[in-house]
2 protein chains.
Amino acid sequence: MSKFTISAIENGLENVEGFYCGATNVGMRPDETQGDVAFIRSDTMCDISAVFTNNTFQAAPIKHFQQYPQNFKTNFVLINAKNANAMTGEKGIEDIQTIMSALFSKQAVNNPIMSSTGVIGYRLPVDKIISAFDTLDFNEKNSNAAACAIMTTDSFKKELAYKIKLEDGNTFHIAAICKGAGMINPAMATMLCFIITDADVPKSDMDALLLSSTEKSFNRISVDGDTSTNDTVMLLSNKKSGNYNKEAFETVLNKIMFELAMMILRDGEGANKLVAFEVKGAKSLDDAKTASMALSNSLLVKTALFGEDPNWGRIASTIGASGIACDEKKLTIHYDDLLIYSDAYRELDATREKQAYTIMKKDMFTITCDLGLGEESYISYGCDLSYDYVKINAEYRT
Amino acid sequence: MSKFTISAIENGLENVEGFYCGATNVGMRPDETQGDVAFIRSDTMCDISAVFTNNTFQAAPIKHFQQYPQNFKTNFVLINAKNANAMTGEKGIEDIQTIMSALFSKQAVNNPIMSSTGVIGYRLPVDKIISAFDTLDFNEKNSNAAACAIMTTDSFKKELAYKIKLEDGNTFHIAAICKGAGMINPAMATMLCFIITDADVPKSDMDALLLSSTEKSFNRISVDGDTSTNDTVMLLSNKKSGNYNKEAFETVLNKIMFELAMMILRDGEGANKLVAFEVKGAKSLDDAKTASMALSNSLLVKTALFGEDPNWGRIASTIGASGIACDEKKLTIHYDDLLIYSDAYRELDATREKQAYTIMKKDMFTITCDLGLGEESYISYGCDLSYDYVKINAEYRT
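Residues numbered from 1 in each chain as written. Chains lettered and ligands numbered in written order. Predicted model: local features only at pLDDT ≥ 70, side-chain atom pairs only at ≥ 80, totals over all residues. Heavy atoms only, no water.

Caption draft 1: Geometry of the overall build of chain A. A tally of regular secondary structure across chain A gives 11 helices and 15 strands. The C-alpha atoms of chain A give 22 Å as radius of gyration, which agrees with the globular expectation for 398 residues (21 Å, within 12%). For chain A, buried positions account for 61% of its 398 residues. Restricting to contacts in chain A with at least 6 residues of sequence separation, those with at least 24 account for 81%. Accessible area of chain A: about 14,000 Å², with a carbon and sulfur share of 47%. (Helix = DSSP H or I, 4+ residues; strand = E, 2+ residues; numbered from the N terminus. Rg over C-alpha atoms; globule rule 2.2 N^0.38 Å. Buried < 20%, exposed > 50% of the residue type's maximum accessible area, 1.4 Å probe, protein only. Contact = heavy atoms within 4.5 Å. Areas by Shrake-Rupley, 256 points an atom, 1.4 Å probe, with all protein chains shown as cover.)

Caption draft 2: Local environment of helix H3 (residues 126-135) of chain B. All names here are of chain B. What H3 keeps buried is the set Val126, Ile129, Ala132 and Phe133. Each buried residue of H3 lies within a common arc of 110 degrees when the element is viewed along its axis, so the set occupies one face. For H3, the exposed residues lying more than 90 degrees away from the buried face are Asp127, Asp134 and Thr135. Residues of H3 that are buried in the fold lie against strand S2 (19-24), strand S3 (37-52), strand S4 (73-80), helix H2 (89-106) and strand S5 (113-116). (Arc of directions from axis to C-beta.)

Caption draft 3: Region of interest: the pattern of salt bridges. The final tally for this structure, using the stated rule, is 42 salt bridges over all chains. In this structure, the salt-bridge partner of glutamate 215 of chain A is lysine 289 of chain A, at a minimum N-O distance of 3.8 Å. Of the two residues, glutamate 215 of chain A is situated in helix H5 (residues 203-216) and lysine 289 of chain A in helix H7 (residues 285-297); the sequence distance between them amounts to 74 residues. A network of salt bridges, in which partner residues are shared, links Lys63 of chain A together with Glu328, Asp343 and Arg346 of chain B. (Salt bridge = Lys/Arg side-chain N within 4 Å of Asp/Glu carboxyl O.)

Caption draft 4: Broad picture of the pairing of strand S14 (residues 364-370) of chain B. Residues and elements named next belong to chain B. Taken together, the 7 bridges between strand S11 (residues 274-282) and S14 define a ladder with parallel strand orientation. Note that in S14 the partner of lysine 280 across the bridge is aspartate 370. With 4 bridges connecting them, strand S12 (residues 332-335) and S14 associate as antiparallel partners. Within S14, the position partnered with histidine 334 by the bridge is threonine 368. (Pairing = 2+ DSSP bridges.)

Caption draft 5: Structural view of the sheet that holds strand S13 (residues 338-341) of chain A. Residue and element names in this part refer to chain A. Judged by pairing direction, the sheet is mixed, and its 6 strands sit side by side in the order S9-S15-S11-S14-S12-S13 without closing on themselves. Each edge of the open sheet is held by one strand with a lone partner, namely strand S9 (221-222) and S13. Bridge count between strand S11 (residues 274-282) and strand S15 (residues 376-383): 7 bridges; the pairing is antiparallel. Residue pairing across strands places valine 275 opposite glycine 382, the latter belonging to S15. In the packing of helix H9 (residues 312-321) onto the sheet, the strands contacted are strand S12 (332-335), S13 and strand S14 (364-370), and the crossing angle to S12 comes to about 135 degrees. (Axes fitted to C-alpha atoms, helices over the stretch in contact; angles between N-to-C directions.)

Caption draft 6: Representation of the side chain of glutamine 58 of chain B. In this structure, glutamine 58 of chain B sits in the loop between S3 and helix H1 (60-65). Among the polar contacts made by the side chain of glutamine 58 of chain B, one reaches the main-chain carbonyl oxygen of threonine 53 of chain B at a distance of 3.2 Å. (Polar contact = N/O pair within 3.5 Å; in protein donor to acceptor, adjacent residues only side chain to side chain.)

Caption draft 7: Spotlight on the pairing of S5 of chain B. Residues and elements named next belong to chain B. The side-chain alternation of S5 yields two buried faces, one formed by Ile113 and Ser115 and the other by Met114 and Ser116. Here S4 runs beside S5; their pairing, made up of 4 bridges, is parallel. Bridged to leucine 78 within S5 is methionine 114.

Caption draft 8: Layout of the packing of aromatic side chains. Residues and elements named next belong to chain A. Following the criterion strictly, the structure yields 22 aromatic pairs over all chains and no others. When the centroid spacing of 5.3 Å and the interplanar angle of 75 degrees are considered together, the rings of phenylalanine 258 and tyrosine 381 count as edge-to-face. Of the two residues, phenylalanine 258 sits in helix H6 (residues 246-266) while tyrosine 381 sits in strand S15, which places them 123 residues apart along the sequence. Given the relative accessible area of 11%, tyrosine 381 is considered buried. Every member of this aromatic cluster is reached through a ring pair, and the members are Phe52, Phe65, Tyr68 and Phe72. One Lys or Arg, lysine 141, reaches over the ring of tyrosine 20 and ends 5.5 Å from the middle of that ring. For the cation-ring pair, arginine 352 lies above tyrosine 345, with the distance from its terminal atom to the ring centre recorded as 4.2 Å. (Phe/Tyr/Trp six-rings, centres within 6.5 Å; stacked < 30°, edge-to-face > 60°. Lys NZ or Arg CZ within 6 Å of the ring centre and 35° of its normal.)

Caption draft 9: The arrangement of the side chain of lysine 273 of chain B in detail. All names here are of chain B. With respect to the helices and strands, lysine 273 occurs in the loop between helix H6 (246-266) and S11. With relative accessibility at 6%, the residue lysine 273 sits in the buried group. At a separation of 3.4 Å, a polar atom in the side chain of lysine 273 contacts the main-chain carbonyl oxygen of lysine 362. For lysine 273, the contacting residues outside a window of four places in its chain are Leu305, Glu308, Met360, Lys361, Lys362, Asp363, Phe365, Gly382, Cys383 and Asp384.

Caption draft 10: Structural view of the confidence of the model for chain A. All names here are of chain A. In the predicted model, chain A carries a mean pLDDT of 90, and 93% of its residues have values of at least 70. In this model residues 183-189 is a low-confidence stretch, pLDDT under 50, and it forms 52 contacts with partners more than four residues away in sequence or in other chains. Both scores are given for the predicted complex: the pTM is 0.86, the ipTM 0.82. (pLDDT = per-residue confidence, 0-100.)

Caption draft 11: Quick peek at the state of the cysteines. Residues and elements named next belong to chain B. Per the stated rule, a full pass over the model turns up 0 disulfides over all chains. Looking at cysteine 326, it has no disulfide partner, and the nearest cysteine sulfur is the one in cysteine 369, 10 Å off. In this structure cysteine 326 comes out as buried when scored by relative accessible area, which is 12%. (Disulfide = S-S within 2.5 Å.)

Caption draft 12: Quick look at H2 of chain B. Here H2 of chain B is 18 residues long and its end C-alpha atoms lie 27 Å apart, about the 26 Å a rise of 1.5 Å per residue gives. At its buried positions, H2 of chain B is contacted by H1, S4, S5 and H3 of chain B. (Expected span 1.5 Å × (residues − 1).)

Caption draft 13: Representation of the sheet that holds strand S15 (residues 376-383) of chain B. All names here are of chain B. Spatially, S9-S15-S11-S14-S12-S13 is the arrangement adopted by the 6 strands of the open sheet, whose pairing is mixed. On the outer flanks of this sheet lie strand S9 (221-222) and strand S13 (338-341), each paired with one strand and no other. In this fold helix H8 (residues 299-306) packs onto S9, S11, S14 and S15, with an angle of close to 130 degrees to the strand it touches most, S11.

Caption draft 14: Structural detail: the packing of H8 of chain B against helix H9 (residues 312-321) of chain B. Residues and elements named next belong to chain B. Orientation of H8 relative to H9, taken along the N-to-C sense of each, is 165 degrees, at an axis distance of 9 Å. With respect to each other, H8 and H9 are oriented roughly antiparallel. Once H8 is placed against H9, the crossing between them reads as left-handed. Of H9, the residues touching H8 (which contributes Leu300, Val301, Thr303 and Ala304) are Arg314, Ile315 and Thr318. (Parallel < 35°, antiparallel > 145°, perpendicular 65-115°, else oblique. Left-handed = near helix turned anticlockwise from the far one by under 90°.)

Caption draft 15: Focus on the environment of leucine 295 of chain B. Residue and element names in this part refer to chain B. Locating leucine 295 in the fold gives a position in helix H7 (residues 285-297). You can call leucine 295 buried: its relative accessible area is 0%. The residues touching leucine 295, leaving out its near neighbours within four places in the chain, are Phe277, Val279, Val301, Ile315, Thr318, Ile319 and Cys369.

Caption draft 16: Molecular detail of the packing of helix H2 (residues 89-106) of chain A against helix H3 (residues 126-135) of chain A. All names here are of chain A. Between H2 and H3, the least distance of the axes is 10 Å, while the angle of their chain directions is 20 degrees. Between H2 and H3, the angle falls in the class roughly parallel. Like other packed secondary-structure pairs, H2 and H3 cross with a definite hand, here right-handed. Mapping the contact onto sequence places Asp95, Thr98, Ile99, Ala102, Leu103 and Lys106 in H2 and Val126, Ile129, Ile130, Phe133 and Asp134 in H3. In the contact of H2 with H3, the residues fall into 7 nonpolar, 1 polar and 3 charged. (Nonpolar A, V, L, I, M, F, W, Y, C, P; charged D, E, K, R; others polar.)

Caption draft 17: Structural view of the environment of tyrosine 335 of chain A. Residue and element names in this part refer to chain A. Tracing the sequence through the fold places tyrosine 335 in strand S12. When the C-alpha positions of tyrosine 335 and phenylalanine 365 are compared, they lie 7.3 Å apart, and in sequence the two are 30 residues distant. Leave out the neighbours within four places in its chain, and tyrosine 335 touches Pro310, Asn311, Trp312, Ile315, Ile340, Ala356, Ile359, Met360, Phe365, Thr366 and Ile367.

In structure tokens:
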């Protein structure tokens, strides 16, 4: 067990040695005080690991990324909001190539990456984006501008940074910006997350840890159960600190990604509360995961959370409908520590109903379903469904 | 090809020879002008076929039904609203037995069936329900009262009847009552449907046709994608007309069940429009069904329908996320007859956007997605998601 200390630091991406970032508004976003094109640049080449959406209709930037050879290095990421460059066919990829050629004339870039978020089905405004290269300062460090520029329906920017001090006194940094509120809204599409580090992390660790950390964070949250064409999580490392400790790196990567995932959930469109759905005592991990995700995705559970109605029947029914092995005699349901259903205790009396109501008023609580059939468990995280969710999603785009 | 004529007739269940029906209010429903306990009785024994929910936590009445031997006959169905008798354990079944014993002292019943809809997790008010047997007139024919008594969040009663005249001049009848609005709301639970006929239909035809007809009707609609603990479709035949023609029977059974399913969808909680999601050109029937059901269940598609936003990106993204074989170059999307997406036509111009908007204003239209990969197709039916859905489901029970 290695010793290390972790401290949260301000100003996000600015803390990581050799990285630069900023943003500008090229007229895609009507509010000119907020950018719509952002960049992240490293002054040396970076290893890169990425996790993309499972959607068959991957957006053009994801297809563009996949044209690079395995284990390629890069020094530049360009990100735009307001347009997903998805379902745009070959033209969508050609547009990225045009933009990247123009960028190269301003700034030496190697294997540049593009990432987009916004509405599906429209060509990128190539000329407007190219015009950004005249106004952007590629030697700037402005994490706030970059974090704000990638927002779509987000109501707050999502930016975190940590400094890790190892036992020998050496340090490295991990920082990230992220966007997402609809988790995962194919129309505006997407959740995007960019993590940068100056740790001297081997590429093989980057790949493995990014995958496992994604499974424990972004893959466990649900706002509306949809999977976008553009979902992207990227990790870039330029090794500049020369320092690394796997345990420390993994701990902080997990921490930063989990915290960002919770920020997305807190910012779930119209959401007011965050609920952890723990399913334990399952026969298999698949069963636990299926039931947990069914709960965090259920419209009826979500609306009951919004109504603060301790209607455990919706919880039970959702588990029963999920197709997993379960038995109403062995099932127990708790809201935080309050027993709300068991075989011996099937009707909610007034006292417990009142206690349940108090728990549901909180802006975060846990619903634990013990299936009583085995040893496997899974937690996913969801939020309530409010009038505002409908409003945001009915009115988006128009 | 046999010849027959079909005519719609008034007064639902009252048209079927040898059947009686009615309802009373025993105090479970606050509004005393509407019943909460209904019955359907035949003066001779009936064959019965039934299709129940796939939810593992089947409600007590479904478990009670399954205690009878295969191919049993019955002459009585008792139905209550406001309480689902679900997740009530052994006691739930004992309560049904107590009620049925009391019923037997008033009225000779053989293998009586009970069916319930309402909130999950509460014992039935046994004494109140037994008190109904003093006020009900078991020789009454009051289809309206029965259809109204089984409603929960339904905003209108669902009742249909058809008279079938065969080529030789002989006739038989099929009639039904049905309830459901949340399709399928585990809290209030349920959709229930009771179909009665005096046709001389063989039991084997009843079983086969009820299954195939359910697949083409109730299994193709989605309001919120949840499956209740109580979903029940029942077909009772007392053979009293002595007449039967399989083709005519199947045609009318399909018709009556499809029409009832569309009524449920029209009455979808807070829903304003009905949309048919046709997926064709699929490699397999499974693919077509998966994509079609993904569309009718998608929150983002539903909110776009409510917002009347011709945002085909949400349609495409939902298909891409459904995991089926698809290719954005071969896909085409139509709203009614209007081409809205193809490889050659990816951006929605102002003219077509206006045309699409006009189609979306209608209270019924079809979205057709041709995958261009094969010959299989599937249609499911959905509705929009409005503020009122959230309101109804957040406030239900409290």
